[in-house]
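Structural characterization, general
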Amino acid sequence: MKAKLVNGVSCYDRWMTSLRGSESTARTYKLFLDRYLKFTGSKPDKLIADRAKTLKSEDMFVKRKHEELLDKFFKQMEKDKYSRNTCVLAFATVRSFYKANYVALEVVSPETWVAKSYRAVRRDDLKAMVEAADFTGRSYILCQATSGISIEDLLAVTLETESEVYGTIKRQLREGIRPVNIHLRREKSKKLGYFDTFIST
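Residues numbered from 1 in each chain as written. Predicted model: local features only at pLDDT ≥ 70, side-chain atom pairs only at ≥ 80, totals over all residues. Heavy atoms only, no water.

1. Quick word on the overall build of the protein
Formally: Numbering goes from the N terminus for both helices and strands, where a helix is a DSSP run of H or I of at least four residues and a strand is a run of E of at least two. Burial classification: accessible surface area is computed with a 1.4 Å probe over protein chains only, and a residue below 20% of its type maximum counts as buried, one above 50% as exposed, and the rest as partly exposed. Any two residues whose heavy atoms approach within 4.5 Å at even a single point are treated as in contact. For the area figures, the Shrake-Rupley method with a 1.4 Å probe applies, and any residue is considered shielded solely by the protein chains shown.
The number of helices and strands found in the protein is 10 helices and 6 strands. For the protein, the residues scored as buried account for 30% of the 201 residues in total. Intrachain contacts of the protein at a sequence separation of at least 6 include 44% that bridge at least 24 residues. Of the roughly 13,900 Å² of accessible surface on the protein, a fraction of 53% belongs to carbon and sulfur atoms.

2. So, helix H5 (residues 65-79)
What counts here: Expected span, for any helix, means 1.5 Å times one less than how many residues it has.
Compared with an ideal rise of 1.5 Å per residue, which puts 15 residues at 21 Å, H5 spans 21 Å between its outermost C-alpha atoms and is within 8% of the ideal. Looking at the buried positions of H5, the neighbouring elements they touch are helix H2 (23-40), helix H3 (44-54), helix H4 (60-63) and helix H6 (84-100). Lys 81 sits one or two positions beyond H5 and adopts a positive phi of about 70°.

3. Structural notes on the packing of aromatic side chains
We count it as follows: Aromatic pairs are defined between Phe, Tyr and Trp rings, using the six-membered ring for Trp, whenever the two ring centres lie within 6.5 Å; interplanar angles under 30 degrees are classed as stacked, those over 60 as edge-to-face, and all others as tilted.
Applying the stated criterion across every chain yields a total of 7 aromatic pairs. Relative to Phe 91, the ring of Phe 74 has its centre 5.7 Å away and its plane inclined at 90°; by these criteria the two rings are edge-to-face. Residue Phe 74 is found in helix H5, and its partner Phe 91 is found in helix H6; the two are separated by 17 residues along the sequence. Relative to Tyr 98, the ring of Phe 97 has its centre 6.2 Å away and its plane inclined at 70°; by these criteria the two rings are edge-to-face. Considered together, Phe 97 and Tyr 98 belong to a single accessibility category, that of buried residues.

4. With respect to the packing of helix H1 (residues 11-18) against H2
Condition: Every axis corresponds to a line fitted to the C-alpha atoms, with the helix fit spanning only the stretch in contact, and the corresponding angles, defined between N-to-C directions, vary from 0 to 180 degrees. Handedness of a crossing is defined here by the sense of rotation of the near helix relative to the far one, left-handed for an anticlockwise turn of less than a right angle and right-handed for a clockwise turn. Polarity classes work like this: nonpolar for Ala, Val, Leu, Ile, Met, Phe, Trp, Tyr, Cys and Pro, charged for Asp, Glu, Lys and Arg, and polar for all others, with Gly in that last group.
The geometry of H1 relative to H2 is characterised by a closest axis approach of 11 Å and an angle of 145° between their N-to-C directions. The handedness of the crossing between H1 and H2 is right-handed. Residues Tyr 12, Trp 15 and Met 16 of H1 pack against Ala 26, Tyr 29, Lys 30 and Leu 33 of H2. Among the residues forming the contact of H1 with H2, the class breakdown is 6 nonpolar, no polar and 1 charged.

5. A closer look at the pairing of strand S5 (residues 180-185)
Rules: A pair of strands is labelled paired if DSSP reports no fewer than 2 bridges between them.
The element S5 is largely enclosed, with a buried count of 5 among its 6 residues. Bridge count for S5 against strand S6 (residues 194-199) is 6 bridges, and the pairing is antiparallel. Paired with His 183 across the two strands is Asp 196, which belongs to S6.

6. Comments concerning the pattern of salt bridges
Quick reminder of the rule: Salt bridges are defined as contacts in which a side-chain nitrogen from Lys or Arg sits within 4 Å of a carboxyl oxygen from Asp or Glu.
According to the stated counting rule, one finds 9 salt bridges in the structure shown. Across the pair Arg 51 and Glu 67 runs a salt bridge whose closest N-O atoms are separated by 3.0 Å. With Arg 51 in helix H3 and Glu 67 in helix H5, this pair connects stretches of sequence that are 16 residues apart. By relative accessible area, Arg 51 is classed as buried at 1%.

7. A closer look at a nonpolar patch on the surface
Defined as follows: Distance thresholds for patches are 9 Å for like charges and 5 Å for nonpolar side chains (Val, Leu, Ile, Met, Phe, Trp, Tyr), applied to residues having over 30% relative accessible area and no salt bridge.
Taken together, the side chains of Tyr 140, Ile 151 and Leu 155 present a nonpolar region at the surface, about 260 Å² in accessible area. Position of Tyr 140 among the secondary structure elements: in helix H8 (residues 135-147). According to the relative accessible area criterion, Tyr 140 is partly exposed, its value standing at 31%.

8. Quick look at the environment of Leu 173
Inspection of the secondary structure assignment puts Leu 173 in helix H10 (residues 169-174). For the pair Leu 173 and Leu 159, spaced 14 residues apart in sequence, the C-alpha to C-alpha distance is 9.2 Å.

Written out as structure tokens, the structure is:
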């Protein structure tokens, strides 16, 4: 890969000299930069020269041309189904190339993680789980659904678990006390003491 010599050193070589890590890491960086150059249809020297030129523009859209190029490159990699970590590493690689040649991009690396979204369980979902489960499974599912109690705490519950007000669960069931009061200590945070919850029956 040929590049323009500046003070006897090419843009590409200057970047390579700035890299830290193993040979394997360097090869990975080179792969990502080559992919970016192919994406932009440019060469290392032309890319840096164009960046230096656009930085002098008073038009903000022209001045930030290369930030937008990198953003489009990152989105294309995501579209091509590369993992999030791979996309972020490619982003950092390209940014380091500009920085090593003194025309740093004004960008912040994206996070390597993606926030997970959780869908609340609907009544139809709950019905399907109950219908598919055996008696014990149905008991656990319905207890959690009506009380919000964690599985760890639920596993600690027995018929002899006692409420300070209503007595044991067995007694509450026998006497028709509804909803059933459960009084127990959290398994994960026992130092927080006891708590109360209720289960519909």
